[in-house]
Amino acid sequence: MKFIFVDNPNEGGIKGAQVFKNALANNAKTFGLATGSTPISTYNEITKSNLDFSNKISFNLDEYIGLKPTNPQSYHFYMNKYFFSVKPFAQSYLLNGLATSEEAELARYDRLLEKYPIDLQLLGIGKNGHIGFNEPGTPFDLTSHKVKLTESTIKTNSRFFNNINEVPKYAFSMGIRSIMSSKQILLEAYGEKKADAVAKMINGPVTEQLPASILQTHQNVIVIVDEAAASKI
Ligand code: GLP
C-alpha cells in the first residue's frame, strides 16, 4: 500500500483527482466509483478539471434496494449530482435498486464487470471497515450480491435521511472479488471516526470481519488519509 497523507479532505480531493489523471494518462478505460461523503472532494476536483471521461466506462459499487434513481438519497442521484451531470461517461453502469428480478440484476452486473475489467476503483471505508456495502462477515470471494445492512451502517447513513426509518434495510453491492480484480485501488478516509477502521485495515489481520483488510493483499493500492483518520495507525 502506498500512503498519501493530507491535511484535510480538500487536499485529499486534489490528490485523488491526480490519481484519476494518472490513470487516464495510462490509458485506463474503466473506472469504479464510490459514493458517501468521502469522495465528494475528489469529484469536485475532477469536475473542475479538464479531465475527460466521455469515451470511458464507469461502474458504481452499490445501490440501495427500493430507491428510485430520482430519490435524492439514491446513489444514482448522487452520481448524477456530483459527477455525471458535469463529466459524462460513454457508459455508466449502476446496480438497479428497483430490479424486479434481483438474481437477474446481479448476474447482469457480474457479466458487465467481466466484460469491462476495472482499471481504477475508488473506495471509501465504513466505520466498521466495510467497502462498498460489503459488511463485516461477507465472504471475500463473493461477486455482486444482495446485502442486509448492519444496524451500524443504517444508523451512520441515517444522517442523510429525514429519519432512520427511511433508510433502506437492503442494498446491492459489488463483491469483494470484483473489487480485488481492479488493477488499481484508491481508498480515501477522512476524520477521526474512520481511525479505528483505517488502523485495522492496515495493521490488523486479513479477516472477513474487517472487509477492507483484504486490501493488504492487493498489489496496487493507494490510500489517501488525513491526520485524524491516520491517528491510530
Ligand atoms: C456507505 C457506502 C460506502 C462508503 C461508506 C462511507 O455505506 N456504501 O461505499 O464508503 O458509506 O461513507 P462516508 O464516505 O460518507 O463516510
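Located above this text is the structure these notes cover.
Since we're looking at a predicted model, the values are computed, not measured.

*Asks:* I tried to follow the sheet that holds strand 9 (residues 184–189) on my own but got confused; where do I start?
*Replies:* Note: strands within a sheet are paired through backbone hydrogen bonds, in either parallel or antiparallel orientation. Across the sheet, 7 strands lie side by side as 1-10-9-6-2-3-5; this open sheet has parallel pairing. The outermost strands of the open sheet, each flanked by one partner alone, are strand 1 (2–6) and strand 5 (91–93). On average, each strand axis in the sheet is inclined to that of its neighbour by 15°, with strand direction left out of account. Relative to strand 9, strand 6 (residues 120–123) runs parallel, the two being bridged by 4 bridges.

*Asks:* Even after reading the chapter, I still don't get the nonpolar core, so can you show me in this structure?
*Replies:* Counting 63 residues, the largest nonpolar core has Phe20 and Phe31 as its most contacted members. Counting 10 residues, the second largest nonpolar core, distinct from the first, contains Tyr64, Leu67, Val147 and Leu149.

*Asks:* What am I meant to see in the site of the ligand here?
*Replies:* Residues in contact with the ligand amount to 13 residues; listed here are only the nearest, Ser37, Thr38, Asp62, Arg159 and Lys194. Side-chain polar atom of Asp62 to a nitrogen atom of the ligand: 2.8 Å apart, as the coordinates give it. Each residue belonging to the shell around the ligand can be placed in one class, and the counts come to 3 nonpolar, 7 polar and 3 charged.

*Asks:* Can you walk me through the packing of aromatic side chains in this structure?
*Replies:* Aromatic rings considered in pairs are described by the distance between their centres and by the relative angle of their planes. By the definition in use, this model includes 20 aromatic pairs. Consider the rings of Tyr64 and Phe133, whose centres lie 5.5 Å apart with planes at 50°: the pair is tilted. Taken together, the residues span a long stretch of sequence, with Tyr64 in strand 4 (residues 62–64) and Phe133 in the loop between strand 6 and strand 7 (145–148) at a distance of 69 residues. As far as the burial class goes, Tyr64 and Phe133 line up, both buried. On the numbers, 6.0 Å between centres and 20° between planes, the contact of Tyr93 with Tyr116 is stacked. Remark: Tyr116 occurs in the loop between helix 4 (102–115) and strand 6 and Tyr93 occurs in strand 5; sequence separation between them is 23 residues. Residue Tyr116 is classed as partly exposed on the basis of its relative accessible area of 22%. Across from the ring centre of Tyr170, 4.7 Å away, lies the NZ or CZ of Lys146, which sits over that ring.

*Asks:* Whenever I open this one, a positive patch on the surface confuses me. Can you help?
*Replies:* Together, Lys127, Lys155, Arg159 and Lys193 make up a region of like positive charge exposed at the surface. In this structure Arg159 comes out as partly exposed when scored by relative accessible area, which is 46%.

*Asks:* Can you help me understand the environment of Gln184 in this one?
*Replies:* Positionally, Gln184 belongs in strand 9. Taking the C-alpha atoms as reference points, Gln184 and Glu135, 49 residues apart in sequence, are found 22 Å from one another. For Gln184, the residues in contact, after removing those within four places along its chain, are Val19, Asp119, Leu120, Gln121, His218, Asn220 and Ile222. A distance of 3.3 Å separates the side chain of Gln184 from the side chain of Asn220, its partner in a polar contact.

*Asks:* I would appreciate a short explanation of the side chain of Ser58 in the present structure.
*Replies:* Looking at where Ser58 falls in the secondary structure, it is placed in strand 3 (residues 57–60). Side chain to side chain, Ser58 and Ser92 meet in a polar contact 2.7 Å long. Residues contacting Ser58, with those up to four places away along its chain left out, are Phe31, Leu33, Phe84, Phe89, Gln91, Ser92 and Tyr93.

Definitions and cut-offs
- Residues numbered from 1 in each chain as written.
- Predicted model: local features only at pLDDT ≥ 70, side-chain atom pairs only at ≥ 80, totals over all residues.
- Heavy atoms only, no water.
- Pairing = 2+ DSSP bridges.
- Helix = DSSP H or I, 4+ residues; strand = E, 2+ residues; numbered from the N terminus.
- Axes fitted to C-alpha atoms, helices over the stretch in contact; angles between N-to-C directions.
- Core = buried A, V, L, I, M, F, W, Y, C linked by side-chain atoms within 4.5 Å.
- Buried < 20%, exposed > 50% of the residue type's maximum accessible area, 1.4 Å probe, protein only.
- Near = heavy atom within 4 Å.
- Polar contact = N/O pair within 3.5 Å; in protein donor to acceptor, adjacent residues only side chain to side chain.
- Nonpolar A, V, L, I, M, F, W, Y, C, P; charged D, E, K, R; others polar.
- Phe/Tyr/Trp six-rings, centres within 6.5 Å; stacked < 30°, edge-to-face > 60°.
- Lys NZ or Arg CZ within 6 Å of the ring centre and 35° of its normal.
- Patch = residues over 30% accessible without salt bridge, like charges linked within 9 Å, V, L, I, M, F, W, Y side chains within 5 Å.
- Areas by Shrake-Rupley, 256 points an atom, 1.4 Å probe, with all protein chains shown as cover.
- Salt bridge = Lys/Arg side-chain N within 4 Å of Asp/Glu carboxyl O.
- Lys, Arg positive; Asp, Glu negative; His and termini not counted.
- Charge placed at Lys NZ, Arg CZ, Asp CG, Glu CD.
- Contact = heavy atoms within 4.5 Å.

In short, geometric facts, not functional conclusions.
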